[in-house]
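Architecture and fold: a report
Here's the letter readout for the chains.
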Amino acid sequence: MADPVYVALDFETADYQPDSACAVGLAKVRGGEVVDTLYSLIRPPRRRVLFTWVHGITWKDVQGSPTFLEFWPQMASFLQGVTHLVAHNAPFDRRVLEACCQSNGIALPDLPFVCTLRESRRKLKLPSHKLDAVCRCCGIPLDHHHAGSDAIAAARILIYLQGESQGGE
């Protein structure tokens, strides 16, 4: 049987609405290794970008970027053949994906989510299980709140945790 292939993903949002993705990062994992990545800024459906203080993205950065609908074919192609999706705090990223798909008339990918926040709480004794804290514990580099870096980090956290459960690392 072939190794499962999964994609870790991370969204950054512009405002409080879940359909306001302004950046997405994806990291494909095969055989315990990150084998491909995809990152894009996304023009959100509204001009207001309230969370610049978190991720540094402004309207000027995204105004010429593809909308979610325009970016979707590339993202859907990247998701071809994967068995599941991975995210740190998966309920957030699942909600963003669902809202972006729904508001654009796109069928939601029928893929289960694995949450590395939940898994890290189960397997690592840390005072905080936020992405940056888990990355520090696992020795994973991170440019926090850059969707591409956060997606790669989530992928590497799951790889690390799977190694821990098999007695490795």
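Given the structure is predicted, the values throughout are model-derived calculations rather than measurements. Numbers given for residues are sequential positions, taken from 1 along each chain in its written order. Reporting in this predicted model follows two pLDDT cut-offs: at least 70 for local features of residues, and 80 or more for side-chain atom pairs to be given and counted; totals over whole chains, interfaces and linings ignore these cut-offs and use all residues. Side-chain measures here rest on the full set of heavy atoms in the structure, leaving out hydrogens and waters.

Here is the idea: a disulfide is a covalent bond, and it sits between the sulfur atoms of two cysteines. Disulfide: a pair of cysteine sulfur atoms within 2.5 Å of each other. Tallied over the full model, the rule gives 0 disulfides. Unpaired in terms of disulfides, Cys-22 finds its nearest cysteine sulfur in Cys-100, a separation of 9.9 Å. Counting only cysteine sulfurs, Cys-137 is the nearest neighbor of Cys-138, a cysteine outside any disulfide, at a range of 4.6 Å. Here the term buried applies to any residue with accessible area under 20% of the maximum for its type, exposed to any over 50%, and partly exposed to those in between, with areas from a 1.4 Å probe on protein chains only. Here Cys-138 falls in the buried class, since its relative accessible area comes to 12%.

Attention shifts here to the nonpolar core. With 28 residues, the main nonpolar core has Phe-11, Leu-26, Phe-68, Met-75 and Leu-97 as its most contacted residues. The numbering of helices and of strands both runs from the N terminus, where a helix is a DSSP run of H or I of at least 4 residues and a strand a run of E of at least 2. Residue assignment for this core shows that the elements contributing at least two residues are β1 (5–13), β2 (21–30), α3 (68–79), β4 (84–87), α4 (90–103) and β5 (113–115). The contact criterion used is simple: two residues touch if any of their non-hydrogen atoms lie within 4.5 Å. Ignoring any residue separated from it by four or fewer positions in sequence, one finds Phe-68 in contact with Phe-11, Ile-42, Arg-43, Met-75, Leu-97, Cys-100, Cys-101, Asn-104 and Ile-106. Nonpolar cores were defined as sets of buried Ala, Val, Leu, Ile, Met, Phe, Trp, Tyr and Cys residues, with membership established by side-chain atoms within 4.5 Å.

What follows concerns the sheet that holds strand β3 (residues 33–41). Between any two strands, pairing holds if DSSP finds at least two bridges. Reading across the sheet, the 5 strands line up as β3-β2-β1-β4-β5 and stay open at both edges, with mixed pairing between neighbours. Sheet topology places β3 and β5 at the edges, where each strand pairs with a single neighbour. Pairwise comparison of adjacent strand axes, ignoring direction, gives a mean angle of 25° for this sheet. Between N-to-C directions, angles span 0 to 180 degrees; the directions come from axes that are lines fitted to C-alpha atoms, helices contributing only their stretch in contact. Against the sheet, α4 makes contact with β1, β2, β4 and β5, and its axis sits at roughly 80° relative to β1, the strand it touches most. Across the sheet, helix α5 (residues 116–123) touches β4 and β5, and the angle it forms with β5 is around 45°.

Moving on to unusual backbone geometry. Backbone geometry places Asn-89, a non-glycine residue, at a positive phi of 70°. Tracing the sequence through the fold places Asn-89 in the loop between β4 and α4. Not every positive phi belongs to a glycine, and His-145 is a case in point at roughly 70°. On the accessibility criterion, His-145 (28% relative accessible area) is partly exposed.

With that settled, the discussion passes to the environment of Gly-31. Inspection of the secondary structure assignment puts Gly-31 in the loop between β2 and β3. Once the C-alpha coordinates of Gly-31 and Val-5 are considered, the two residues, 26 residues apart in sequence, prove to be 7.6 Å apart.

Attention now moves to the packing of α3 against α4. Between α3 and α4, the shortest axis-to-axis distance is 10 Å and the interhelical angle comes to 115°. Comparing their axes, α4 and α3 come out roughly perpendicular. The handedness of the crossing between α3 and α4 is left-handed. Facing Phe-68, Trp-72 and Met-75 of α3, the residues of α4 in contact are Leu-97, Cys-100 and Cys-101. Polar here means any residue outside two lists: the nonpolar Ala, Val, Leu, Ile, Met, Phe, Trp, Tyr, Cys and Pro, and the charged Asp, Glu, Lys and Arg; Gly therefore counts as polar. The residue inventory of the contact of α3 with α4, partitioned by class, reads 6 nonpolar, no polar and no charged. Just so you know how the angles are binned, under 35 degrees is roughly parallel, over 145 roughly antiparallel, 65 to 115 roughly perpendicular, and the rest oblique. By definition, turning the near helix anticlockwise from the far helix through less than a right angle yields a left-handed crossing, and turning it clockwise yields a right-handed one.

All we've got here are geometric facts, nothing functional implied.
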